[in-house]
Amino acid sequence: MKRIGTAILYTLTVMLVGCGAPQRVDRNSFHMGTWVVISVYNTRHAKYIEECFTLLANLEAEVSTNIPDSAISRLNSSGQARLQGDLADILRAAKLVSDASGGAFNIGVLPLQRLWDVQNRLDGEQPPTQSEIDIARELSTTGIDISDDGDALDVQLQKGRGLDLGGIAKGYAGDRCAGQLKENGVNRALINIGGNVRTVGDGEFRVGLRNPRGRAEDLFGLVTVGECNIVTSGDYERYFQTDGIRYHHIYDPETGKPARSGLLSATAIGENGAFADGLSTAIFVMGREEGLALAVNMGYDAVVVTEDYKVYCTENIRASLEIVNDEFELVSD
Ligand code: ADP
Ligand code: MG
């Protein structure tokens, strides 16, 4: 149904535009486990959106752990690979964010993700036992060796280990789409990969920040930015609830459990999509103070929402951030 709806929307947009002034065209497609919406601001650029969807499908075939014969799945089952290209670039970015965050961002999180399996658990189901968590935590934080000779990456995984790019691949993909659109001469576009937003081109963009306790379209704020990535991690994307506890999909490698750092969401804003994506996940794990400090150290901006609906941000972005929902309060400290 959604696809039909999109087709109708697209046709209508084109009809309304006719031969007049350039107009915005939105198209969507499902990739990397989420809905992707790409907008261009000139009907002549609409054809390049399809090229982005093809790029995303190809990238997904490399990096998705849900596709059994993807390059990453083959690496995870064989335990070793020599990597170049996109996968190597994503792992290089992951290593940088992992080192900068003291391991809060952890590319080896697959055993924990498989154990918790939050997207397939129903409300009321019991979480894994402490001994199961201890085993998966050990597997997620040891036994991974990645070396880089500048040309390629050599990856060695000990038994039971696995890489999970879910916390970084969408941000990387946003930059790849942006690069391709620009090569095609697209001067203004907006790429939204399941809430990972990449702006393309000159001028300003107002990007909504999602209310972590609202519906998908409810915002708590707006940021006005130039060309960059705006990536949010939150506890509302995938979770199950049992006995009043929300078990979500971002794990603290120190506890092996869904991170409880006092945040409902963490948004990272900056130039490199993979860094911004990895950083948003890391900030969510680390919490407000450490997370915002990490963003500043990396030269990125960040906006976090705490459990008491307070909003904190890095100094640099404050003037560009507008709170649009009275339930939330911007705290200046
Ligand atoms: P989303 O994918 O919902 O936009 P994130 O970017 O924060 O949100 O990524 C969450 C995904 O990252 C999880 O589904 C899991 O695959 C992976 N992940 C979970 N915890 C961590 C972690 N501590 N470090 C790196 N990746 C993680
Ligand atoms: Mg992320």
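The structure contained in this document is the topic of the report that follows.

## Section: helix 2 (residues 46-63)
Structural remark: α-helix, 3.6 residues per turn; residues separated by three or four positions point the same way. With 18 residues, helix 2 should reach 26 Å at 1.5 Å per residue; the first-to-last C-alpha distance of 26 Å fits that figure. Along helix 2, the residues that are buried comprise Ala-46, Tyr-48, Ile-49, Cys-52, Phe-53, Leu-55, Leu-56, Leu-59, Glu-60 and Val-63. Viewed along the axis of helix 2, the buried residues span an arc of 165°, placing them on a single side of the element. Exposed and facing more than 90 degrees away from the buried side of helix 2 are Lys-47 and Asn-58.

## Things to note about the site of ligand 1
For ligand 1, the set of nearby residues contains 19 residues, the closest of which are Asp-164, Lys-170, Ser-233, His-249 and Tyr-251. Note that a nitrogen atom of ligand 1 is positioned 2.8 Å from one of the backbone N or O atoms of Tyr-251. One nitrogen or oxygen atom from the side chain of Thr-281 is found 2.8 Å from an oxygen atom belonging to ligand 1. Against a free-state accessible area of 560 Å², the protein chains account for coverage of 98% of ligand 1.

## Overview of the coordination of the magnesium ion (ligand 2)
Distances from the magnesium ion (ligand 2) to its protein donors, namely Gly-167 (O), Asp-277 (O), Asp-277 (OD) and Thr-281 (OG1), fall within the range 2.0 to 2.6 Å. Ordering the donors of the magnesium ion (ligand 2) by residue number gives the pattern G-x109-D-x3-T. With a gap of four residues between them, Asp-277 and Thr-281 both fall in helix 8 (residues 273-286), about one helical turn apart. Note on accessibility: Asp-277 and Thr-281 belong to one class, buried.

## Considering the side chain of Thr-281
Note on Thr-281: relative accessible area 14%, which makes it buried. With near-sequence residues (within four places) excluded, Thr-281 lies in contact with Phe-105, Gly-167, Ser-233 and Ile-250.

## Considerations on the packing of helix 2 against helix 7 (residues 169-183)
For the pair helix 2 and helix 7, the least separation of the axes is 10 Å and the interaxial angle reads 145°. Remark: the crossing between helix 2 and helix 7 carries right-handed chirality. The residues of helix 7 that touch helix 2, namely those facing Tyr-48, Glu-51, Cys-52, Leu-55, Leu-56, Leu-59 and Val-63, are Ala-169, Tyr-172, Ala-173, Arg-176, Cys-177, Gln-180 and Leu-181. Partitioned by chemical class, the residues of the contact of helix 2 with helix 7 number eleven nonpolar, one polar and two charged.

## Considerations on unusual backbone geometry
What you tend to see is this: most non-glycine residues have negative phi, and most peptide bonds are trans. At Asp-117, a position not held by glycine, the phi torsion is positive, near 45°. Despite not being glycine, Asp-243 has its phi angle at roughly 50°, a positive value. Position of Asp-243 relative to the elements: it lies in the loop between strand 11 (239-242) and strand 12 (245-248). Accessibility expressed as a relative area gives 70% for Asp-243, which makes it exposed.

## Observations regarding the sheet that holds strand 6 (residues 188-193)
What the nine strands build is an open sheet, ordered 1-2-6-7-10-15-16-17-19; its pairing is mixed. Where the open sheet ends on each side, the last strands, each with one partner, are strand 1 (25-31) and strand 19 (329-330). Bridge count between strand 7 (residues 196-201) and strand 10 (residues 229-234): two bridges; the pairing is antiparallel. Within strand 10, the residue paired with Val-197 across the bridge is Ile-230. Packing of helix 7 onto the sheet brings it into contact with strand 2 (34-40), strand 6, strand 7 and strand 10, and relative to strand 6 it is tilted by some 155°.

What counts as what
- Residues numbered from 1 in each chain as written.
- Chains lettered and ligands numbered in written order.
- Predicted model: local features only at pLDDT ≥ 70, side-chain atom pairs only at ≥ 80, totals over all residues.
- Heavy atoms only, no water.
- Helix = DSSP H or I, 4+ residues; strand = E, 2+ residues; numbered from the N terminus.
- Expected span 1.5 Å × (residues − 1).
- Buried < 20%, exposed > 50% of the residue type's maximum accessible area, 1.4 Å probe, protein only.
- Arc of directions from axis to C-beta.
- Near = heavy atom within 4 Å.
- Polar contact = N/O pair within 3.5 Å; in protein donor to acceptor, adjacent residues only side chain to side chain.
- Areas by Shrake-Rupley, 256 points an atom, 1.4 Å probe, with all protein chains shown as cover.
- Donors = N, O, S within 2.8 Å, 3.2 Å for Na, K, Ca; no water.
- Contact = heavy atoms within 4.5 Å.
- Axes fitted to C-alpha atoms, helices over the stretch in contact; angles between N-to-C directions.
- Left-handed = near helix turned anticlockwise from the far one by under 90°.
- Nonpolar A, V, L, I, M, F, W, Y, C, P; charged D, E, K, R; others polar.
- Pairing = 2+ DSSP bridges.

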